[in-house]
Amino acid sequence: MSLKKLFILAITIGGFLAAKAQTLEQTLNSWAEKNTIEKLYLHLDRESYIAGQSIWFKAYFLSDYVPSTKNSSVYVELLDNKSAVVIRKVFPAYLGVSLGQVEIPENFPSGSYQLRAYAPLMLNQPGFTYNKRIEIFGTAAKETKNKETAGSLSLQFFPEGGNLINTLLNNVAFKAVDQNGFPVNVSGQLKNNKGEIISAITTRHDGMGILTLVPQPSETYYVVLDQAPSKQYTLPAATEKGITFSIAGSSKGKQFKIEHPQGLPAEFRAAYMIGQMGNQVIFKQPLQQGKDLIGGVIQTNNLLSGILHVTVFNKDNMPLAERLTFVNNKEYMLPGELVEDTLNTTAHQKNHFSFQLKDTIIGNFSVSVTDADYETEAYRPLNIYAGFLLNSDLKGYIHNPAYYFRSDADSVKSALDLVMMTNGWTRFKWSEVAGNTLPAKQYLDPGFINFRGKITIEGTRKPFANKDVIMMRTPVDTLLSKARTTKFIHTDSMGNFHLEPQMFYEANRILFADTKGSKSKYIKVQMDGDSLRRNFQMPLIQIPFRDTLNTRVEEKMLDAYNDYLKAEGLTLKNVTVKARQKTDKEKLEDEYTSGLFSGGINSRILDLRNEPGGGMNIFEYIQGRIPGVTVSRDQEGQYVVKYRDGGFGGGKMALYLDEMQTDPVFIESIPVNQIAFVKVMGNFVGTAGGGAALAIYMKKGADLAANTDAATDIVVYRGYSIIKQFYAPDYDLKNVDTSKPDDRLTLAWLPDIYLANVSPRVPVIFYNNDRTKRFRVVIEGLTNDGRMLMIEKTVGGN
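In this text, all values refer to a predicted model and were calculated from it rather than measured experimentally.

## Thoughts on the pattern of salt bridges
The full count for this structure, using the stated rule, is 29 salt bridges. One salt bridge connects lysine 39 with aspartate 393, and the closest N-O pair in it is separated by 2.8 Å. Taken together, the residues span a long stretch of sequence, with lysine 39 in strand S1 (residues 39-44) and aspartate 393 in the loop between helix H3 (384-389) and helix H4 (410-422) at a distance of 354 residues. Overall, aspartate 393 belongs to the buried group, its relative accessible area being 10%. Close ionic contact of lysine 487 with glutamate 500 constitutes a salt bridge, the shortest N to O distance being 3.1 Å. In this pair, lysine 487 is assigned in strand S29 (residues 485-490) and glutamate 500 in strand S30 (residues 496-502), connecting sequence segments 13 residues apart. One network of salt bridges, in which partners are shared, links Arg46, Glu375 and Arg776.

So, in structure tokens, the structure goes:
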């Protein structure tokens, strides 16, 4: 049964849906349909890192319980412990997934950092981005800024249902945290304003606990902790005007109880309740009138897993109480098994593992293998289950959310229920639903890189209207790529243009030129804005961090960082290297040329970086300026460049633009002031027969600063961040340098696994480094029907 069918079944159970949709349901469902919840989870290769290495990730998108294909880009940011962005990357997303890496500079300071990831569609419901705390060990020791003291404890109270009601039995959840926001286990006493002890209290899990209380009209209440006896923590004031609302798990579903104080006015009496998941109404249940105590069971066995949000309303559609409860039917779990076919912890030896899946599988998966003895946690605090089902639906910090998915014990279920009672849920307000004032969608997915702009005639405001324009795009850094794209675009009556979505990486130089050759108009291009590298207004999300970690792990990670520096030769001191000063020509070649285009004893260079060029094109400019080079036009009017020593081809020179062979018609449109230099090579091995070549290099970096009028305009536009290949040595090959230490912390990273098989068995093959004795293997993924794979296992010696 697909998840979609399961969802349809779920909303029909128990006769919960009213025969006729009401205003609240219609409004919420309509808004949810237009403003879908987009969730994002990142599988990281490890939990902590050393400077100089990369954070490898695979991103999974989920919406309406299945992979979301609505997102074309994912933004990944590294924030320091003051929430300032220090590194920002943008990667493309395809069919609900993305992958990439965040390179950590070698001189990066040690500290606790926050990894944040999002797509524009996610920002339509602010505060629900992917956020995770990671540790980086680098150049400087961490500074201890906070010292944990009893006086810095914070204790918060959360009456079940929302309010503390006089004369009725109330459940009150509480949460204790330290000055950093981490949970603290406490004990103490609940007292009234007379100093009388009502009951003893103690936390049950991660600083959370629950107390019961029947408030009296003449009393107020507070808690004194054993850990801070001089401080009083006051409970919220109780009221007579309201209801108590409690939910508890049972074998049949969720038992609920609603109780009214005697004589409660009609406007405070419960009339019906609504349950919703993911902003979609699951049920609406009218409640029996005339009774002070109402109870029943919400049948949840056929619901999809996740947070069920139940709200009780009065007859005028005003919310009286609400409660979150977690439904865990485990339909989201994809069974899988890790098999260690060959386990070998000897240095440089091959390991052959595999993971076996059952059923017909179509989906995306990723695998990481790391040195378990260099991890800061015994288990990952966040996994794909917790990321999609818990963290992505709650605001605020949840400590170690993966814990709630590692066991079916009653104590774990009770602890998860405390999470439901002590964490906020604020995707919308019912008052906004009632008033039909839910926020409108602000962000759309741009569809990769969108080019929009306006072309005017240089020096005027007159649009370059209804004209054909050549657009040529080339990478600024030809070492990354030499691919060139040429397109013809047409402006409208106002000079505006729009290109279909583009896909390219890093900085690209985009040349716009009139198509009329020597009769071309001087043009100016004004882009509408950067559709890819734009900045977004992001709500500040504070994730607690510790100033110090486990001393043993911290020492090992800092040792690993020092080993890395030594292996890279970055810690040599007091070494003086004397070298010959390079000439300007050599510096220019170092910056621009590569491979076969570098050097050349008989080559000549004409430096144009400081030449205004006037209105001439490069062919007109070089005529008579380079000995032996002649420029003419053929019968079709195209430029022909010849060299006296050309040899093969009758002296005709091959033309290269940024080291890509190029037609003269395109080179003709480039103004001289956009060209850094030209290089003449009398005998170039890259041409047929070793003929002559003319290499033309366009300006980049600082050389682009000065421009003059021309019949072209050039825009530099940054594309997506480069997706790099994870390197892992193959010691069966003879070309691996075994003299260099192999201290890799991540031994294998396989992010791009796509399966479409029946009961597939997937090999995981890797070679050990110099020292690892225990491997942590993590396998995660998402099928097309929304099932999640999560395998986490440590294998090897003790």
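The rest of the description comes next.
## Remarks on the packing of aromatic side chains
The relative placement of two aromatic rings is captured by the distance of their centres and the angle of their planes. Evaluation of the coordinates by the stated rule reveals 35 aromatic pairs. With a centroid separation of 5.4 Å and an interplanar angle of 85 degrees, the aromatic rings of tryptophan 56 and phenylalanine 726 are classed as edge-to-face. Taken as a pair, tryptophan 56 in strand S3 (residues 54-63) and phenylalanine 726 in the loop between strand S40 (712-718) and strand S41 (746-758) lie far apart in primary sequence, 670 residues in all. Each member of the pair, tryptophan 56 together with phenylalanine 726, is buried. Between phenylalanine 597 and tyrosine 656, the aromatic rings sit 5.1 Å apart at their centres with planes inclined by 75 degrees, giving edge-to-face as the arrangement. With phenylalanine 597 in the loop between helix H7 (584-592) and strand S33 (604-607) and tyrosine 656 in strand S36 (residues 654-657), this residue pair connects regions lying 59 residues apart in the sequence. The class for phenylalanine 597 is buried, based on a relative accessible area of 6%. The class for tyrosine 656 is buried, based on a relative accessible area of 6%. Every member of this aromatic cluster is reached through a ring pair, and the members are Tyr75, Tyr118, Tyr443 and Phe536. Its guanidinium or amino end placed over the ring of tyrosine 621, arginine 625 lies 3.9 Å from that ring's centre, counting from NZ or CZ.

## So, the sheet that holds strand S15 (residues 221-225)
Strand order in the open sheet made by the four strands is S13-S12-S15-S16, with antiparallel pairing throughout. The sheet is open, and its two borders are formed by strand S13 (197-202) and strand S16 (228-234), each paired with just one other strand. Going from strand to strand, the sheet's axes swing by 25 degrees on average, the running direction of each strand aside. As defined by bridge partners, strand S12 (residues 187-192) adjoins S15 across five bridges and the pair is classed as antiparallel. Within the sheet, the bridge partner assigned to lysine 191 lies in S15 and is tyrosine 222.

## Structural notes on the sheet that holds strand S32 (residues 523-527)
Pairing in this open sheet of three strands is antiparallel, and the strands run S30-S27-S32 from one edge to the other. Strand pairing shows two members of the sheet lacking a second neighbour, S30 and S32, which therefore form its edges. For this sheet, the mean angle separating the axes of adjacent strands, direction not counted, is 30 degrees. Bridging between strand S27 (residues 449-457) and S32 involves five bridges; their strand directions are antiparallel. By the bridge assignment for S32, isoleucine 457 is matched with isoleucine 523.

## Thoughts on the pairing of strand S6 (residues 85-92)
One ladder, built from seven bridges, connects strand S5 (residues 73-79) with S6; its direction is antiparallel. Within S6, the residue paired with leucine 79 across the bridge is valine 85. Taking the residues that link successive antiparallel strands as the turn, the S5-S6 hairpin has five residues, and the phi of serine 83 there is positive, at about 65 degrees.

Reading guide: rules and limits
- Along each chain, residues carry numbers from 1 onward, in the same order as the chain's sequence is written.
- Local features in this predicted model are restricted to residues whose pLDDT is 70 or higher, and side-chain atom pairs enter the listing and the counts only when it is 80 or higher, whereas totals over whole chains, interfaces and linings include all residues.
- Side-chain measures were taken over the full set of non-hydrogen atoms in the model, leaving aside hydrogen atoms and water.
- What makes a salt bridge here is a side-chain nitrogen of Lys or Arg within 4 Å of a carboxyl oxygen of Asp or Glu, nothing more.
- Secondary structure follows DSSP: runs of H or I at least 4 residues long count as helices, runs of E at least 2 residues long count as strands, and numbering of each begins at the N terminus.
- Buried, partly exposed and exposed residues are distinguished by accessible area as a fraction of the type maximum, computed with a 1.4 Å probe on protein chains only: under 20%, between the cut-offs, and over 50%, respectively.
- To pair, rings of Phe, Tyr and Trp, with the six-membered ring standing in for Trp, must have centres within 6.5 Å; the planes then decide the type, stacked if under 30 degrees apart, edge-to-face if over 60, and tilted in the middle.
- For a lysine, the NZ atom is tested; for an arginine, the CZ atom; a charge sits over a ring if that atom is within 6 Å of the ring centre and within 35 degrees of the ring normal.
- Two strands qualify as a pair provided that DSSP identifies no fewer than 2 bridges between them.
- Only the stretch in contact is used when fitting a helix axis, every axis being a line fitted to C-alpha atoms; angles between N-to-C directions are given from 0 to 180 degrees.

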